[in-house]
Amino acid sequence: SQQGEEDPQALSIQEGENATMNCSYKTSINNLQWYRQNSGRGLVHLILIRSNEREKHSGRLRVTLDTSKKSSSLLITASRAADTASYFCATDAYAAGNKLTFGGGTRVLVKP
Amino acid sequence: EPEVTQTPSHQVTQMGQEVILRCVPISNHLYFYWYRQILGQKVEFLVSFYNNEISEKSEIFDDQFSVERPDGSNFTLKIRSTKLEDSAMYFCASSERGDQPQHFGDGTRLSIL
């Protein structure tokens with residue numbers, strides 16, 4: 001089974017539009033984190049949401065977590081061309097120490 | 001803003017050779033990690049390190065691999081007798097505490113010929 005699967009796999013939007021991507025996971029988690037990766041670069045941490053939190057904001061980013069559905073969403077509002085990147089969710093589980101389990105990512109293309 | 005730095009950015013090595021990938025974690029962080037990403041695949045956890053010892057390792061992290069914190073700033077991943085399938089991007093990460101965000105370096109692209 002795969003822990004952390006993003007949906008959709010790819011998303012193409014116009015600058016100024018909102019982008020929403022979802023992440024589903026299978027086992028109980030401690031935290032869920034969202035990362036951005038520009039092509040050929042490292043992973044940039046965006047937001048960490050804990051299992052007892054339901055929503056978190058950071059600038060133009062909004063993350064929700066529904067532990068009953070084992071899912072999370074990342075919303076980027078008023079997107080910019082610079083938001084073009086792959087976005088990954090990563091979970092860490094109580095029984096798995098601090099290791100992160102990554103999903104396959106959503107590739108977002110923001111067209112100017 | 002403090003960042004995790006990795007060297008080299010690209011390493012090309014003949015199959016069977018040993019490689020050492022280097023990382024300088026963020027200075028006040030206490031937890032260190034290595035992950036890898038094979039081209040087109042997910043980022044995979046390799047190992048976590050805390051208090052000068054391995055705290056967890058994945059099935060991938062077999063006897064071919066080892067980690068070390070040789071001094072107060074560096075954190076290294078050694079791969080002995082490299083294989084073609086070791087070709088991947090290797091990422092180092094660190095966190096202040098175990099339940100805090102992990103901050104990643106830009107990675108070392110390892111190419112085994």
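Residues numbered from 1 in each chain as written. Chains lettered and ligands numbered in written order. Predicted model: local features only at pLDDT ≥ 70, side-chain atom pairs only at ≥ 80, totals over all residues. Heavy atoms only, no water.

Some remarks on the overall build of chain A
Thought 1: When helices and strands are counted, chain A shows 0 helices and 11 strands.
Thought 2: Scanning chain A from its N terminus toward the C terminus, one meets helices and strands in the order β-β-β-β-β-β-β-β-β-β-β.
Thought 3: For a compact globule of 112 residues, the expected C-alpha radius of gyration is about 13 Å, and chain A comes in at 13 Å, within 12% of that figure.
Thought 4: By its C-alpha atoms, chain A is 45 × 30 × 20 Å across when sized along the principal axes.
Thought 5: Within chain A, the proportion of its 112 residues that are buried is 46%.
Thought 6: Once local pairs closer than 6 in sequence are excluded, the contacts in chain A between residues at least 24 apart make up 54%.
Thought 7: In the structure as shown, chain A presents an accessible area of about 5,300 Å², 45% of it carried by carbon and sulfur atoms.
Thought 8: Distance between charge centres in chain A, computed from 14 positive and 10 negative side chains, equals 3 Å. (Helix = DSSP H or I, 4+ residues; strand = E, 2+ residues; numbered from the N terminus. Rg over C-alpha atoms; globule rule 2.2 N^0.38 Å. Buried < 20%, exposed > 50% of the residue type's maximum accessible area, 1.4 Å probe, protein only. Contact = heavy atoms within 4.5 Å. Areas by Shrake-Rupley, 256 points an atom, 1.4 Å probe, with all protein chains shown as cover. Lys, Arg positive; Asp, Glu negative; His and termini not counted. Charge placed at Lys NZ, Arg CZ, Asp CG, Glu CD.)

Let's talk about the overall build of chain B
Thought 1: For chain B, the helix and strand inventory stands at 0 helices and 11 strands.
Thought 2: Helices (α) and strands (β) of chain B occur, in sequence order from the N terminus, as β-β-β-β-β-β-β-β-β-β-β.
Thought 3: Computed over its C-alpha atoms, the radius of gyration of chain B comes to 13 Å, within 12% of the 13 Å expected for a compact globule of 113 residues.
Thought 4: Counting the 113 residues in chain B, one finds 46% classified as buried.

With respect to the sheet that holds strand β7 (residues 65-68) of chain B
Within a sheet, adjacent strands bond to each other through the backbone by hydrogen bonds, running parallel or antiparallel.
Residue and element names in this part refer to chain B.
Thought 1: Taken in spatial order, the 4 strands line up as β1-β3-β8-β7 in an open sheet, and their pairing is antiparallel. Both edges of this open sheet fall to β1 (5-7) and β7, since each of them pairs with a single strand only. On average, each strand axis in the sheet is inclined to that of its neighbour by 20°, with strand direction left out of account.
Thought 2: Sheet analysis places β7 next to strand β8 (residues 75-79), joined by 4 bridges and oriented antiparallel. For F65, the partnering residue across the bridge sits in β8 and is I79. (Pairing = 2+ DSSP bridges. Axes fitted to C-alpha atoms, helices over the stretch in contact; angles between N-to-C directions.)

Observations regarding the interface of chain A and chain B
Thought 1: In this complex, chain A contributes 23 residues to the contact, which on the side of chain B involves 20 residues.
Thought 2: The contact between chain A and chain B buries some 1,700 Å² in all, and 50% of this surface belongs to carbon and sulfur atoms.
Thought 3: For the pair chain A and chain B, the number of links is 7 residue pairs in polar contact (both at pLDDT 80 or more).
Thought 4: Taken together, the elements giving at least two residues each to the side of chain A that touches chain B come down to β4 (31-37) and β5 (43-50) of chain A.
Thought 5: For the side of chain A that touches chain B, a count of residues per class yields 7 nonpolar, 12 polar and 4 charged. (Buried area = accessible area lost by both parts, 1.4 Å probe. Polar contact = N/O pair within 3.5 Å; in protein donor to acceptor, adjacent residues only side chain to side chain. Nonpolar A, V, L, I, M, F, W, Y, C, P; charged D, E, K, R; others polar.)

Quick word on the confidence of the model for chain A
Thought 1: When pLDDT is averaged along chain A, the result is 91, and 93% of the positions lie at 70 or above.
Thought 2: Per-element mean pLDDT across chain A ranges from 81 in strand β1 (residues 5-7) of chain A up to 97 in strand β7 (residues 61-66) of chain A. (pLDDT = per-residue confidence, 0-100.)

Comments concerning the sheet that holds strand β3 (residues 19-24) of chain A
Residues and elements named next belong to chain A.
Thought 1: Taking strand neighbours across the sheet as the criterion, the 5 strands line up as β1-β3-β8-β7-β6 in an open arrangement whose pairing is antiparallel. One side of each edge strand has no neighbouring strand; the edge strands of this open sheet are β1 and β6 (55-58). Mean inter-strand twist for the sheet, computed between neighbouring axes without regard to direction, equals 20°.
Thought 2: Two strands pair when backbone bridges link them, and β3 and strand β8 (residues 71-76) are joined in this way by 6 bridges, in the antiparallel orientation. Following the sheet pairing, M21 is matched in β8 by L74.

Here we look at the pairing of β7 of chain B
Thought 1: Of the two faces of β7 of chain B, only one is covered, namely that formed by F65 and V67 of chain B; the face formed by S66 and E68 of chain B stays uncovered.
Thought 2: The hairpin turn running from β7 of chain B into β8 of chain B, its antiparallel successor, is 6 residues long.

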